[in-house]
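Architecture and fold: a report
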Amino acid sequence: KTFKQYLTESTKEHKFTLRFCCDLDEAQENRIETFLTNMTLIDIQNIDYAPTFLEIAGFKPGKQPLDGESLVPLFTQSSGLKRGAIFFHYPNYAWHMDNRLASAIRADDWKLIHYYEDTRMELFNLKNDPAETKNHAATQPAKAKALRKKLDAWRKETDAKAPTKNPDWRPRKK
């Protein structure tokens, strides 16, 4: 579980550091200190960097919508992130050949992974089980169905292509 192409949480955690290159007044320093002191786990994605840096630099994005969301409201404590879910889509085999073709949705404390090869689903409560050891798909069918519906709607909205099964694919031997 060390490659970014996996859909497990252990591969999604990365440190995010922001260094200010200018002098801050006392009020700004206090806001940042309060933010850092009270900060809980915030799911920052690499797609958030471009909108954040554009806003900091005073630029507006062009006509093409950006996938991410500016993090500036978090730094200024003016609001939180607006997204209700984060979606992942891996329709291809990675070079290490260990991944499974899948899409996933992460919403609130839950993550659902839908595997294309056998249509199996895994549902995890990330708050109670960050290591993803207990699959709740069978015991929480309504939650799995609701997240699957959102995932399917997102795939349709974004025209995410379903993979074509490769009959020659074999997982790498460990």
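Everything below is about the structure printed above this text.
Worth saying up front: this structure is predicted, and the values here are computed from it rather than measured.

1. Some details on the side chain of Ser103
- With respect to the helices, strands and loops of the structure, Ser103 is situated in strand β2 (residues 102–107).
- Of the polar contacts made by the side chain of Ser103, one reaches the side chain of Arg155; its length is 3.3 Å.

2. Some thoughts on the pattern of salt bridges
- Summed over the entire model, instances satisfying the criterion amount to seven salt bridges.
- As a salt-bridge pair, Glu132 and Lys111 come within 2.7 Å of each other at their nearest N and O atoms. In this pair, Glu132 sits in the loop between β4 (121–125) and α4 (141–158) while Lys111 sits in strand β3 (residues 110–115), placing the two residues 21 residues apart along the sequence. The burial state of Glu132 is the same as that of Lys111; both residues are buried.
- One salt bridge connects Asp152 with Arg148, and the closest N-O pair in it is separated by 3.1 Å. One end of the pair, Asp152, and the other, Arg148, are both in helix α4, four residues apart, so they sit about a helical turn from each other.
- Owing to a relative accessible area of 31%, Asp152 belongs among the partly exposed residues under this scheme.
- For Arg148, a relative accessible area of 23% corresponds to the partly exposed category.
- Among the charged side chains, a salt-bridge network with shared partners connects Asp118, Arg120 and Glu122.

3. Section: the environment of Pro73
- Inspection of the secondary structure assignment puts Pro73 in helix α3 (residues 72–76).
- In this structure, the C-alpha to C-alpha distance between Pro73 and Thr52, residues 21 residues apart in sequence, is 9.4 Å.
- For Pro73, the residues in contact, after removing those within four places along its chain, are Ser78 and Ser79.

4. Some thoughts on the packing of aromatic side chains
- Enumeration according to the criterion identifies two aromatic pairs in this entry.
- Measuring from centroid to centroid gives 6.2 Å for Tyr49 and Phe53, while their planes differ by 35°, and the two rings are tilted. A residue pair is termed a helical-turn pair when its members lie 3 or 4 positions apart in one helix, as Tyr49 and Phe53 do in helix α2 (residues 49–57) at four residues.
- Between Phe87 and Trp154 the ring centres are 4.8 Å apart and the planes differ by 5°, which places this aromatic pair in the stacked class. Remark: Trp154 occurs in helix α4 and Phe87 occurs in strand β1 (residues 86–90); sequence separation between them is 67 residues.
- With a relative accessible area of 25%, Phe87 lands in the partly exposed category.

5. Description of the pairing of β2
- Burial analysis of β2 places six of its six residues in the buried class, the great majority of the element.
- Burial along β2 is two-sided: the face carrying Ala102, Ala104 and Arg106 and the face carrying Ser103, Ile105 and Ala107 are both buried.
- Pairing of β1 with β2 involves five bridges; the strand directions are antiparallel. Bridge assignment links Phe87 to a residue of β2, and that residue is Ile105.
- Alignment of β2 against β3, held across six bridges, turns out to be antiparallel. Pairing of Ala104 across the sheet is with Ile113, part of β3.
- Taking the residues between adjacent antiparallel strands as the criterion, β2 and β3 are bridged by two residues, where Asp108 takes a positive phi near 55°.

What counts, and where the lines are drawn
Residue numbers restart at each chain and count upward from 1, following the sequence in its written direction. Whole-chain, interface and lining totals are the exception, using all residues; otherwise, since this is a predicted model, local features are given only for residues with pLDDT of at least 70 and side-chain atom pairs are given and counted only at 80 or more. Note that the side-chain values use all heavy atoms of the structure and ignore hydrogens as well as water. Under the DSSP-based scheme used, a helix requires at least four consecutive residues in state H or I and a strand at least two consecutive residues in state E, with every element numbered from the N terminus. Distance and chemistry together define a polar contact, namely a pair of N or O atoms within 3.5 Å, with one atom able to donate a hydrogen and the other to accept it when in protein, and with adjacent residues in sequence counting only for side-chain atoms on both sides. For this document, the term salt bridge refers to a Lys or Arg side-chain nitrogen within 4 Å of an Asp or Glu carboxyl oxygen. The classification of residues rests on relative accessible area computed with a 1.4 Å probe and restricted to protein chains. Under 20% of the type maximum is buried, over 50% is exposed, and intermediate values are partly exposed. Contact criterion: two residues are considered in contact whenever any of their non-hydrogen atoms come within 4.5 Å of each other. What counts as a ring pair is set by centres within 6.5 Å for rings of Phe, Tyr and Trp (its six-membered ring), and what kind of pair is set by the plane angle: stacked under 30 degrees, edge-to-face over 60, tilted for all other angles. By the convention used here, strands pair only if DSSP detects at least 2 bridges between them.

Honestly, that's just the spatial picture; any functional story needs more than this.
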